[in-house]
Amino acid sequence: MVELPEEERAAALKEVAEIGARRAELLAEAERLYAPLRAAVVKAARVDAPRSRIRELAKISSKTLYGWLEEAGLEVRTARRNR
């Protein structure tokens, strides 16, 4: 059976809407997890957990990790540049 162009458009837009709604839900959930993740990262650093392991488990960049630690008042060494 051949679909009419209007039905094709409606089906395509429905798919876009469903995927877009799911994406929005996931982004909202990620936003809700931001503050607790940041707090957990800082807590782990304060008990001397290895920073590379914290970063790995948190799935964050080094820049994010060290920015959070610095903002929390923890010591952060300057990055070593091509020695």
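If you're wondering where the values come from, they're calculated on a predicted model, not measured in any experiment. (Residues numbered from 1 in each chain as written. Predicted model: local features only at pLDDT ≥ 70, side-chain atom pairs only at ≥ 80, totals over all residues. Heavy atoms only, no water.)

Some points on the confidence of the model for the chain
Line of reasoning, step 1. Looking at the chain as a whole, its pLDDT mean stands at 93, while 93% of the residues score no less than 70.
Line of reasoning, step 2. Confidence, expressed as mean pLDDT per element, reaches its minimum in the chain at helix H3 (residues 62–71) with 96 and its maximum at helix H2 (residues 51–58) with 98. (pLDDT = per-residue confidence, 0-100. Helix = DSSP H or I, 4+ residues; strand = E, 2+ residues; numbered from the N terminus.)

Brief notes about the environment of Leu 74
Line of reasoning, step 1. Mapped onto the elements, Leu 74 comes out in the segment after H3.
Line of reasoning, step 2. A sequence separation of 28 residues divides Leu 74 from Arg 46, and the C-alpha atoms of the two residues are 7.7 Å apart.
Line of reasoning, step 3. Ignoring any residue separated from it by four or fewer positions in sequence, one finds Leu 74 in contact with Val 42, Ala 45, Arg 46, Arg 51 and Leu 69. (Contact = heavy atoms within 4.5 Å.)

Observations concerning the pattern of salt bridges
Line of reasoning, step 1. What the rule picks out here adds up to six salt bridges.
Line of reasoning, step 2. The partner of Glu 29 in a salt bridge is Arg 32, and the shortest N-O contact between them spans 2.8 Å. Note that Glu 29 and Arg 32 are positioned in helix H1 (residues 5–46) at a spacing of three residues, about one turn of the helix.
Line of reasoning, step 3. In this structure, Glu 71 engages Arg 38 in a salt bridge whose closest nitrogen and oxygen atoms are separated by 2.0 Å. You can see Glu 71 sitting in helix H3 and its partner Arg 38 sitting in helix H1, a full 33 residues away along the chain.
Line of reasoning, step 4. Taking the relative accessible area as the measure of exposure, Glu 71 reaches 59% and is therefore exposed. (Salt bridge = Lys/Arg side-chain N within 4 Å of Asp/Glu carboxyl O. Buried < 20%, exposed > 50% of the residue type's maximum accessible area, 1.4 Å probe, protein only.)

Considering unusual backbone geometry
Line of reasoning, step 1. The phi dihedral of Asp 48 falls on the positive side, at around 65°, and the residue is not glycine.
Line of reasoning, step 2. The residue Asp 48 is located in the loop between H1 and H2 in this model.
Line of reasoning, step 3. Overall, the relative accessible area of 69% leaves Asp 48 in the exposed class.
Line of reasoning, step 4. The phi angle at Lys 59 is positive, at roughly 60°, despite the residue not being glycine.
Line of reasoning, step 5. Its location among the elements puts Lys 59 in the loop between H2 and H3.

Topic: the packing of aromatic side chains
Line of reasoning, step 1. Under the definition given, this model contains one aromatic pair.
Line of reasoning, step 2. Their ring planes at 85° and their centres at 5.4 Å tell us that Tyr 34 and Trp 68 sit as a pair that is edge-to-face. Of this pair, Tyr 34 sits in helix H1 while Trp 68 sits in helix H3; the two residues are 34 residues apart in sequence, bridging distant segments of the chain.
Line of reasoning, step 3. Residue Tyr 34 is classed as partly exposed on the basis of its relative accessible area of 41%.
Line of reasoning, step 4. Residue Trp 68 is classed as buried on the basis of its relative accessible area of 6%. (Phe/Tyr/Trp six-rings, centres within 6.5 Å; stacked < 30°, edge-to-face > 60°.)

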